[in-house]
Structures are given as C-alpha cells and as structure tokens.
Amino acid sequence: MYEVKITNQKEKKVVGLVLHTTFAENKQAQEIPPFFHKIMEEDTLENVPNRINENQICVFVMKKGSPNFDYYMGVEVSSYETIPEGMETITIPASSFAAAPFIKRGNPDGLKAFKHLTENWLPEKGYILEMGVPMFIYYDERFIPSFKDHGYDGTQIAEMNIPVEA
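So, here is what we can say about the structure in this document. Everything numeric in this text was worked out from a predicted model, so none of it was measured. (Residues numbered from 1 in each chain as written. Predicted model: local features only at pLDDT ≥ 70, side-chain atom pairs only at ≥ 80, totals over all residues. Heavy atoms only, no water.)

1. Topic: unusual backbone geometry
To keep it simple, the criterion reads: The helix count covers DSSP runs of H or I at least four residues long, the strand count covers runs of E at least two residues long, and both are numbered beginning at the N terminus. Each residue gets one of three labels from its accessible area relative to the maximum for its type: buried under 20%, exposed over 50%, partly exposed in between, using a 1.4 Å probe on protein chains only.
One non-glycine residue with positive phi stands out, namely Glu-25, at about 55 degrees. With respect to the element layout, Glu-25 can be found in the loop between β2 (12-22) and α1 (27-42). Positive phi, normally seen in glycine, also occurs at Asn-26, with a value near 60 degrees. Counting through the fold element by element, Asn-26 comes out in the loop between β2 and α1. The class of Asn-26 is partly exposed, set by a relative accessible area of 41%.

See below:
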C-alpha cells in the first residue's frame, strides 16, 4: 500500500502561516482544507525571502496529552533573516523519519497515511514515534504542478514524514 523508507534528514527551517486547530470534534477536517487551498490558490508563499526550492511543507506540532495542535503551511528557507508580516517560523530538527509517498486527493488521504504509519507500520517494524519532533507532509514536483493544473482530480503524490527512533 505505502512504500515506506527510513530517511535521515537535515534540519529544515520553515517560514509560513500557522493555523491553531484541534482533533476535538474533527475540527481540523473542517479548518485545514480551506486554509491549505487558500494558500495554494493565492500563491501566498511564492515570494518568501530566502526560499531554497519550489516545494511546500505542512508541519504538524502536536501538544502532548492534548487534541490541540499547530498546523504550519510553509516553505523551506536558508535563514530567518527576513520574515514576511503575518508569517511564523518553525525549525524541524535533524532526525530520522519514516517517509511514505501517497496519493493525496484530500484531507482524508493524509489522515489515512498518518494512521497507517503510526498504527501499523511503526509497530510492525519495531520503530516508535519520536516525541518532540514535528511530523510533516512534503509537497514537491510530484504534487504541486498536478494540483495546480487538476486540483484533486490528478494523481498527485505527497510524502508523509513521521519522526522515528529505533
């Protein structure tokens, strides 16, 4: 179903917009899609200073013992020298991640990939979730052009990245 590989990734500096949301009453399913689509449609992140590539990244910062979390939609930058007004920063530390490409046609596909990795793949392979390191979904040339041309009608690939420790 998912081709999962362990990757050792360098620190990522991310600049973008943040949505404070919650899993309570499935609120994130109502809030994240319009937030994501508005940023994509308006190319809000297009001109972020010090951007290092054309990719986008959505970072999830969970709060231990709470259904609340922060959802960042941003881009990787070389430095935090200039931050556009209204945007925030987050640094993903260098870490090992279980990375799984998946076809994303909407929010439920991301949740399905996350659940598969955390509830099935990690326990089967003997890995545990590394607490304190944010997980993220990476959007690169496998996703962005198809999404911009076809919306969710294409076969765009995103990549779920879950921090792991052996």
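2. As for the environment of Thr-89
This is how it is decided: Contact definition: two residues touch when any of their heavy atoms are within 4.5 Å.
Within the secondary structure layout, Thr-89 lies in strand β5 (residues 88-92). Along the sequence, Thr-89 and Asn-26 sit 63 residues apart, while their C-alpha atoms lie 26 Å from each other. Residue contacts for Thr-89: discarding those within four places in its chain leaves Val-14, Val-15, Tyr-72, Tyr-80 and Ile-83.

3. What about the pattern of salt bridges?
To be explicit about the condition: A pair is scored as a salt bridge if a Lys or Arg side-chain nitrogen falls within 4 Å of a carboxyl oxygen belonging to Asp or Glu.
This model, assessed by the stated rule, comprises eight salt bridges. Across the salt bridge formed by Lys-27 and Glu-31, the nearest N and O atoms sit 3.6 Å from each other. Placement of both Lys-27 and Glu-31 in helix α1 is noted, with a separation of four residues, approximately one turn of the helix. Overall, the relative accessible area of 37% leaves Lys-27 in the partly exposed class. Classification of Glu-31 by relative accessible area gives partly exposed; the value is 22%. Linked by salt bridges that have partners in common, Asp-140, Arg-142 and Glu-159 make up one network.

4. Regarding the packing of aromatic side chains
Two aromatic rings are characterised by how far apart their centres lie and by the angle between their planes. Short version of the rule: Stacked, tilted and edge-to-face are the three classes assigned to paired rings of Phe, Tyr and Trp, where Trp is represented by its six-membered ring and a pair needs centres within 6.5 Å; plane angles under 30 degrees give stacked, over 60 edge-to-face, the rest tilted.
Counted according to the given criterion, the structure contains 13 aromatic pairs. Here Phe-36 and Phe-143 contribute two aromatic rings whose centre-to-centre distance is 6.3 Å and whose plane-to-plane angle is 80 degrees, an arrangement assigned as edge-to-face. Separated by 107 residues along the polypeptide, Phe-36 in helix α1 and Phe-143 in the loop between β8 (135-139) and α3 (144-150) bring together distant segments of the chain. The burial state of Phe-36 is the same as that of Phe-143; both residues are buried. With a centroid separation of 5.1 Å and 70 degrees between ring planes, the pair formed by Phe-60 and Tyr-71 is classed as edge-to-face. You can see Phe-60 sitting in strand β3 (residues 56-62) and its partner Tyr-71 sitting in strand β4 (residues 68-76), a full 11 residues away along the chain. Summarising the burial analysis for this pair, Phe-60 and Tyr-71 share the class buried.

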